[in-house]
Amino acid sequence: MKVGYFPGCSLQSTAREYDQSLKAIAPELGIQLEELQDWACCGASSAHVTNHRLSIALPARTLMLAQKQDLGAIFAPCATCYNRLASAQYAIEHDASIASEVRSMFAADPREKSVRILGVPHLLLEKVEEIHAAVTVPLRKVKVACYYGCLLLRPAQICRLDDPEVPTSLEKIVSATGATAVPWDKAVECCGGAFSQSRPTSVVRLGRSILKSARTAGAQAIVVACPMCHSNLDYRQQAMNARDQESSMPILYISQLLGLSMGMDPLLLGLGSHFISPEPLLGSIGAAQSGLKHEGHHP
């Protein structure tokens, strides 16, 4: 299965371990990642809150690149990139004036070829059987809380992935590794998103509530599919835990959990790059830890 790979800005900077772990597991699942040539920023939070035209034009350019490179699907592992691409596609499909404007910008018809927009849950759900087959270290002793955040599920008419209130896609993927996805009540709550720099106290308050819920549910780690969610819950966790002197909880990308179930070296999966060390979790599953150290990088 070949897909156009759109890493976006985060996976080449603050979320390098996400990119690293995805590229490690993809061949095991029969996925060929073909990076889009000449890709550019999707606009993320800044464009769509300042200039609506720009917020459509930037991701629309990526859609046009996929058409030109004859790629039927774009895989955008960053939840924000996925949301912006899906939003632009929805606008083009449902607003003739926007479609016309995009056509004039790029001298090509954005509706000429259909391009699927895939986030991590979309792609991995199609590979559940392959995940089962690739597991060499069943994670039967591992309990995790699956955290969706906001941008994978909402707006529901655009994302069309799962139930926006009671999703199950990440849980199905986790179950394929042998791990248990615990039921909890913060799976779709906001982590503070892009307020990490402008309103860090709000991020700390929201994150503390998320971590508390995961602990109460018996989770040993939180599994995410969004660089911003990972950054907030990992980087800010020391401040989140300080008030109540709580123990740390590892925050893993879903791709890292899959890699561990496939018996991959934690270093290969980028697990030495987190602020909150995953060593206790690795010990519980008997994963090799040689050379793994706490190397957290700043977002």
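One numbering rule holds for all chains: residues counted from 1, following each sequence as written. Local features are withheld for residues below a pLDDT of 70 in this predicted model, meaning they are given only at 70 or higher, and side-chain atom pairs are given and counted only at 80 or more; totals for whole chains, interfaces and linings count all residues. Side-chain measures here rest on the full set of heavy atoms in the structure, leaving out hydrogens and waters.

### Comments concerning the overall build of the protein chain
Selection rule: Helix and strand definitions here come from DSSP, where helices need a minimum of 4 consecutive H or I residues and strands a minimum of 2 consecutive E residues; each element is numbered from the N-terminal end. When we talk radius of gyration, it's over C-alpha atoms, and the globule rule is simply 2.2 Å times the number of residues to the 0.38. We call a residue buried when its accessible area falls under 20% of the maximum for its residue type, exposed when it is over 50%, and partly exposed in between, using a 1.4 Å probe and counting protein chains only. Residues count as neighbours in contact if any of their non-hydrogen atoms are within 4.5 Å of one another. For accessible areas, the Shrake-Rupley method is used with a probe of radius 1.4 Å. Any residue's cover is judged against the shown protein chains and nothing else.
Looking only at helices and strands, the protein chain features 14 helices and eight strands. The globule rule puts the C-alpha radius of gyration for 299 residues at 19 Å, and the 19 Å found for the protein chain is close to it. Taken along the three principal axes of its C-alpha coordinates, the protein chain extends 55 × 45 × 35 Å. Looking at the protein chain as a whole, 54% of its 299 residues qualify as buried. Of the contacts formed within the protein chain by residues at least 6 apart in sequence, a portion of 73% connects residues at least 24 apart. Working note: accessible area of the protein chain is about 12,800 Å², and carbon and sulfur atoms make up 50% of it.

### A closer look at the nonpolar core
Our working definition: The criterion is simple. A nonpolar core is a set of buried Ala, Val, Leu, Ile, Met, Phe, Trp, Tyr and Cys residues joined through side-chain atoms within 4.5 Å.
With 97 residues, the main nonpolar core has Phe6, Ile74, Tyr147, Ile222 and Ile254 as its most contacted residues. The element best represented in this core is helix α4 (residues 79-94), accounting for seven residues. Residues in contact with Ile254, not counting those within four places in the same chain, are Val120, Leu124, Leu170, Ile173, Val174, Val223, Val224 and Ala225.

### Examining a negative patch on the surface
Just so we agree on the cut-off: By definition, no residue in a patch forms a salt bridge, and every one has over 30% relative accessible area; like charges are joined within 9 Å, nonpolar side chains (Val, Leu, Ile, Met, Phe, Trp, Tyr) within 5 Å. Here, a salt bridge means any Lys or Arg side-chain nitrogen found within 4 Å of an Asp or Glu carboxyl oxygen. By the counting rule applied here, Lys and Arg register as positive and Asp and Glu as negative, while His and the ends of each chain are not counted. To locate a charge, take NZ of a lysine, CZ of an arginine, CG of an aspartate or CD of a glutamate.
A contiguous patch of negative charge, built from Asp163, Glu165, Asp185 and Glu189, is present on the exposed surface. Relative to the assigned elements, Glu165 resides in the loop between α8 (156-159) and α9 (169-175). What makes Glu165 exposed here is its relative accessible area of 57%.

### Topic: helix α13 (residues 254-261)
Since the α-helix packs 3.6 residues into each turn, any two residues three or four apart lie on the same face. Summarising burial for α13: eight of the eight residues are buried, a large majority. Every buried residue of α13 is listed here: Ile254, Ser255, Gln256, Leu257, Leu258, Gly259, Leu260 and Ser261. Trailing α13 by a residue or two, Gly263 shows a phi angle of about 75°, which is positive.

### Regarding the sheet that holds strand β7 (residues 221-224)
Here is the rule: Note: two strands are recorded as paired if DSSP finds a minimum of 2 bridges between them. Axis definition: a line fitted to C-alpha atoms, over the contacting stretch in the case of helices. Angles run 0 to 180 degrees between N-to-C directions.
The four strands lie next to each other as β6-β5-β7-β8, forming an open sheet whose pairing is parallel. The open sheet has two edge strands with one neighbour each: β6 (180-181) and β8 (251-253). Note: β7 against β8, three bridges, orientation parallel. Bridged to Val223 within β8 is Leu252. Contacts between α13 and the sheet are confined to β5 (143-146), β7 and β8, with β8 contributing the most and set at about 80° to the helix.

### Some details on the pairing of β5
With two bridges connecting them, β5 and β6 associate as parallel partners. Looking at the pairing, Lys143 lines up with Thr180 of β6. Relative to β7, β5 runs parallel, the two being bridged by three bridges. Bridge assignment links Ala145 to a residue of β7, and that residue is Ile222.

### Description of the environment of Arg243
Definition in use: The definition of a polar contact used here is a pair of N or O atoms within 3.5 Å, where within protein one atom must be able to donate a hydrogen and the other to accept one, and adjacent residues in sequence count solely through side-chain atom pairs.
Residue position: Arg243 is located in the loop between α12 (237-242) and β8. According to the relative accessible area criterion, Arg243 is exposed, its value standing at 59%. Within the local environment of Arg243, its side chain forms a polar contact with the side chain of Asp244, the two groups lying 3.4 Å apart.

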